[in-house]
Amino acid sequence: MRPETGTDQMLELVLGLPDQLERGADLARAVALGRRRRVDSVLVAGMGGSGIGGRIARGLLLDSCPVPFQVCSDYHLPAVAGRKSLVVVVSFSGNTEETLSAYGQAHRRGCSMVAITGGGELGRLAARHGVPVVTVPGGMPPRAALGYLFSALLVTLEQLGICTSQQSGLKEAVRLMRRQRRSWHSRARTIARQLKGSLPMVYSTSRMLDPVADRWRCQLNENSGVLCHTNALPEHNHNEIVGMGRPARVGRLGVVIALLDRETDPRTRFRLKAMLDITLGAYRSAVLFDTEGRSRLARVFSLVMLGDLVSVELARLLNKDAMEIGRINRLKETMAGRKR
Ligand code: PA5
């Protein structure tokens, strides 16, 4: 059946996440990366829906990556980016000005580079400079291409020896999502009803899950068209706990969504429960979600997909077209009309 509305189209794209993961990995494997010098740092440059894959990869690899791994979502690369850095530049459209600026800096500084894109100016520049390009399929919003962009990045890092093989994790993630997507979708409908008219407050409880909370926020912002707050435990317990529920008008709107994983420190789990007790009355309700699956990759994507589905179902309840991001487009047009 053909999707009828923008929101139906977005739902189809979200349900296709496992297929994208497989295809993105194949596309990256087919790219010749050539001989590379040893690198002492990794940077992923990308904004919004193109940057989030870098953050998720960083969260997954942080505890095993032998070199510092940063994500740059800005015009300027940090000082550390130099001849011994690998810079992976990711832009789905290939035309995002901050990302193109980061590309130019990486090129001028002689960094080792790879581009991941659907084409655009980034594709053209990379071809001109002989920078290897993983070209992902177009025809969808960048945030809906996460599967392609993420697995292309992960396999690129694997091919360059930055991380060990991620194949079994990828395979498990794909299997798990295919098996569970319908049941997660029905759970997402229930959560969306709970979130309607609320201020979602998404809390992560481990470094690996920090970017998953970010993904929930970005998807609730763009697909559902609502504000969403994120923070991470245990840090939250040392500042935000005092401010929760104030002003009272805001507190009455807050729905806490806590993301947990088997790697969440047991003390952090306990902290979450204690914090929810202490702040009772400072939020409307709270829901706790644990990851599913064995590998870290599958676990991360179990909550990524759930969040994506929630954002689509909330869009539906709010009569927001999940494909529509008029304000982002207007701002990009305004910026394009004003040269530096
Ligand atoms: O989801 C979106 O459309 C945005 O967040 C874009 O990803 C962001 O504006 C960057 O554009 P691009 O992904 O094309 O580089």
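Thresholds, definitions, all that
Residues numbered from 1 in each chain as written. Predicted model: local features only at pLDDT ≥ 70, side-chain atom pairs only at ≥ 80, totals over all residues. Heavy atoms only, no water. Helix = DSSP H or I, 4+ residues; strand = E, 2+ residues; numbered from the N terminus. Rg over C-alpha atoms; globule rule 2.2 N^0.38 Å. Contact = heavy atoms within 4.5 Å. Areas by Shrake-Rupley, 256 points an atom, 1.4 Å probe, with all protein chains shown as cover. Lys, Arg positive; Asp, Glu negative; His and termini not counted. Charge placed at Lys NZ, Arg CZ, Asp CG, Glu CD. Pairing = 2+ DSSP bridges. Axes fitted to C-alpha atoms, helices over the stretch in contact; angles between N-to-C directions. Expected span 1.5 Å × (residues − 1). Bend = angle between axes of the 7 residues up to and from the residue. Parallel < 35°, antiparallel > 145°, perpendicular 65-115°, else oblique. Nonpolar A, V, L, I, M, F, W, Y, C, P; charged D, E, K, R; others polar. Buried < 20%, exposed > 50% of the residue type's maximum accessible area, 1.4 Å probe, protein only. Right-handed = clockwise from strand over helix to strand, strands pointing away. Near = heavy atom within 4 Å. Polar contact = N/O pair within 3.5 Å; in protein donor to acceptor, adjacent residues only side chain to side chain.

Helix and strand content of the protein chain: 13 helices and nine strands. A compact globule built from 340 residues would reach a C-alpha radius of gyration of about 20 Å, and the protein chain, at 20 Å, matches this within 12%. Taking the intrachain contacts of the protein chain between residues at least 6 apart in sequence as the baseline, contacts between residues at least 24 apart amount to 81%. With the model as given, the accessible surface of the protein chain reaches about 15,600 Å², and the carbon-plus-sulfur share is 51%. For the protein chain, the separation between the mean place of its 49 positive charges and that of its 30 negative charges on side chains is 3 Å.

Here the focus is the sheet that holds strand β8 (residues 254–260). Taken in spatial order, the four strands of this open sheet run β7-β6-β8-β9, and their pairing is parallel. Each end of this open sheet is capped by a strand with a single partner; those strands are β7 (229–232) and β9 (285–290). Averaged over all adjacent pairs, the angle separating strand axes in this sheet is 20°, with direction ignored. Sheet analysis places strand β6 (residues 199–204) next to β7, joined by four bridges and oriented parallel. Looking across to β7, one finds that Met201 is bridged to His229. Contacting β6, β8 and β9, helix α7 (residues 167–195) runs over the sheet at an angle of about 155° to β9. On top of the sheet, helix α11 (residues 266–278) reaches β6, β8 and β9; it is set at about 170° to β9, its chief contact.

Along its 29 residues, α7 runs just 36 Å from first to last C-alpha, ending more than 12% under the 42 Å computed at 1.5 Å per residue. By the largest-angle criterion, Gln180 marks the main kink of α7, which is about 55°. Positive phi shows up at Gly197, right after α7, with a value of about 75°.

The next subject is the packing of helix α2 (residues 17–29) against helix α12 (residues 296–317). In contact at an axis separation of 11 Å, α2 and α12 are set at 130° when each is read in the N-to-C sense. In terms of orientation, α2 and α12 fall into the oblique class. On the side of α2, the interface is formed by Leu17, Pro18 and Leu21, while α12 contributes Phe301, Val304, Met305 and Asp308. When the residues that make up the contact of α2 with α12 are grouped by side-chain class, the tally is six nonpolar, no polar and one charged.

All right, on to the pairing of strand β4 (residues 112–117) then. Of all six residues in β4, six are buried, a share of seventy percent or more. Burial along β4 is two-sided: the face carrying Ser112, Val114 and Ile116 and the face carrying Met113, Ala115 and Thr117 are both buried. This β-α-β element, strand β3 (residues 85–91) to helix α4 (residues 97–108) to β4, shows right-handed connectivity. Bridge count between β4 and strand β5 (residues 133–135): three bridges; the pairing is parallel. Considered in β5, the bridge of Thr117 is made with Thr135.

What follows is about the packing of helix α1 (residues 6–15) against α12. Geometrically, a packed helix pair is captured by the angle between its two axes and the distance between the axes. As a packed pair, α1 and α12 sit with axes 10 Å apart at the nearest point and diverge in direction by 170°. Here α1 is positioned roughly antiparallel relative to α12, judged by the angle of their axes. Counted together, Thr7, Asp8, Met10, Leu11, Val14 and Leu15 of α1 and Met305, Asp308, Leu309, Val312, Glu313, Ala315 and Arg316 of α12 form the full contact between these two elements. Each residue belonging to the contact of α1 with α12 can be placed in one class, and the counts come to eight nonpolar, one polar and four charged.

This paragraph deals with the site of the ligand. Inspection of the region around the ligand gives 13 residues, with Ser50, Ser91, Ser93, Thr96 and Glu222 positioned closest. In the model, an oxygen atom of the ligand is placed 2.5 Å from a nitrogen or oxygen of the Thr96 side chain. Burial of the ligand by the protein amounts to 94% of the accessible area it has alone, namely 370 Å². A per-class count over the shell around the ligand returns four nonpolar, six polar and three charged.

As a further point, take the sheet that holds β3. Spatial strand order, β2-β1-β3-β4-β5: five strands in an open sheet with parallel pairing. Lying at the two open borders of the sheet, with one neighbouring strand each, are β2 (69–72) and β5. Each adjacent strand pair in this sheet contributes to an overall mean axis angle of 15°, direction not counted. Judged from the five bridges that link them, strand β1 (residues 41–45) and β3 form a sheet pairing that is parallel. Residue Leu43 lies in a different strand from β3, and its bridge partner there is Val87. Each of β3, β4 and β5 touches helix α5 (residues 120–129); the most contacted strand, β4, lies at about 145° to it.

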